[in-house]
Amino acid sequence: MDVWEEGLPGKPCFLVQQPRLCWWLSPFFLTCAVYFLLWIPEDQVSWVSALVKCLPVLCLAVSLQAVRGGRGYHTRLQGALLSSAVGDACLIWPEAFLYGVAAFTMAHLLYLWAFGLTPLRPGLLLPVALVSVLYYGLLLLHLPASMVPALAAYSLVLASMLWRGLARGGTVCWGALLFTLSDSVLAWDTFVQPLPHARQVVMTTYYAAQLLITLSAFQSRRLKTT
């Protein structure tokens, strides 16, 4: 079976294509800069603020068009990024919070599908499960009853994505870790108690996580010239 289709890290041949790779990723960095420079207050809810927040992730989805081959893997990553963008937009509006949770659940399921089960590395499952149960067990005590089922399901999917990301290694490993950190800070700040500079931490780790996972699609693959 093709190693790439299993989502395994390949040789970092993309290092020799850095100028072209930087060209494809430059819209992501530009839109990230716009997001942090504008820093639209969270209480100014609008479609403009939603678009500004979503654009970096949408740019990453477009950048995957530069990848030749491995279409199954990078198509699943694109689907996860698009689902994440929908989740980003939904979280702008408090009343759409659960829709955002559903969109991010779909994103993590697509990441799970992309990462696959090879190598299995079951030894990682126990520490991930212990940490997740401890953290989300505490978090669930602070949730409204109506949100418990959705967030319990989300936490299970996120923990599974973290396990598979750690098993993949490479940039996927760090991306999964940062994604989990971002979600953990966001949940604690939202439902337990406000944390200093929470939004900065959440968005910085979130964008970095999506970038690192996206970079895995460029390993051992040539970039399109047009």
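Residues numbered from 1 in each chain as written. Predicted model: local features only at pLDDT ≥ 70, side-chain atom pairs only at ≥ 80, totals over all residues. Heavy atoms only, no water.

Focus on the nonpolar core
- Grouped together as the largest cluster of nonpolar side chains are 66 residues, with contacts concentrated most on Leu77, Tyr111, Phe115, Phe179 and Tyr207.
- Put simply, the parts of the chain that give this core at least two residues each are helix H1 (18-38), helix H2 (47-63), helix H3 (71-92), helix H4 (97-115), helix H5 (125-140), helix H6 (148-168), helix H7 (170-191) and helix H8 (198-215).
- Looking at which element gives the most residues to this core, the answer is H8, with nine residues.
- In contact with Leu77, not counting residues within four places along its chain, are Leu64, Tyr111, Ala114, Ile213, Thr214, Ser216 and Ala217. (Core = buried A, V, L, I, M, F, W, Y, C linked by side-chain atoms within 4.5 Å. Buried < 20%, exposed > 50% of the residue type's maximum accessible area, 1.4 Å probe, protein only. Helix = DSSP H or I, 4+ residues; strand = E, 2+ residues; numbered from the N terminus. Contact = heavy atoms within 4.5 Å.)

What to know about the side chain of Asp88
- Locating Asp88 in the fold gives a position in helix H3.
- Salt bridges are absent for the buried Asp88, whose nearest opposite-charge side chain, Lys53, sits at 4.5 Å.
- If near-sequence neighbours (up to four positions away) are discounted, Asp88 is found in contact with Lys53, Cys54, Val57, Phe104 and Tyr206. (Lys, Arg positive; Asp, Glu negative; His and termini not counted. Salt bridge = Lys/Arg side-chain N within 4 Å of Asp/Glu carboxyl O.)

Re the packing of aromatic side chains
- Enumeration according to the criterion identifies 16 aromatic pairs in this entry.
- Centroid distance Tyr35 to Tyr207: 5.7 Å. Interplanar angle 85°. Geometry classified as edge-to-face. Of the two residues, Tyr35 sits in helix H1 while Tyr207 sits in helix H8, which places them 172 residues apart along the sequence. Like Tyr35, the residue Tyr207 is buried in the burial classification.
- Judged by centre distance (6.0 Å) and plane angle (80°), the ring pair of Phe104 and Tyr206 falls under edge-to-face. One end of the pair, Phe104, is in helix H4; the other, Tyr206, is in helix H8, and 102 residues separate them in sequence. You'll find Phe104 and Tyr206 in the same group, each marked buried.
- Above the ring of Trp163, the side-chain terminus of Arg164 is found at 4.6 Å from the ring centroid. (Phe/Tyr/Trp six-rings, centres within 6.5 Å; stacked < 30°, edge-to-face > 60°. Lys NZ or Arg CZ within 6 Å of the ring centre and 35° of its normal.)

Thoughts on the confidence of the model for the protein chain
- Chain-level pLDDT for the protein chain is 91 on average; 88% of the residues reach the 70-or-more range.
- Scored below 50 in pLDDT, residues 1-7 shows 24 contacts in the model against residues more than four places distant or in partner chains. (pLDDT = per-residue confidence, 0-100.)

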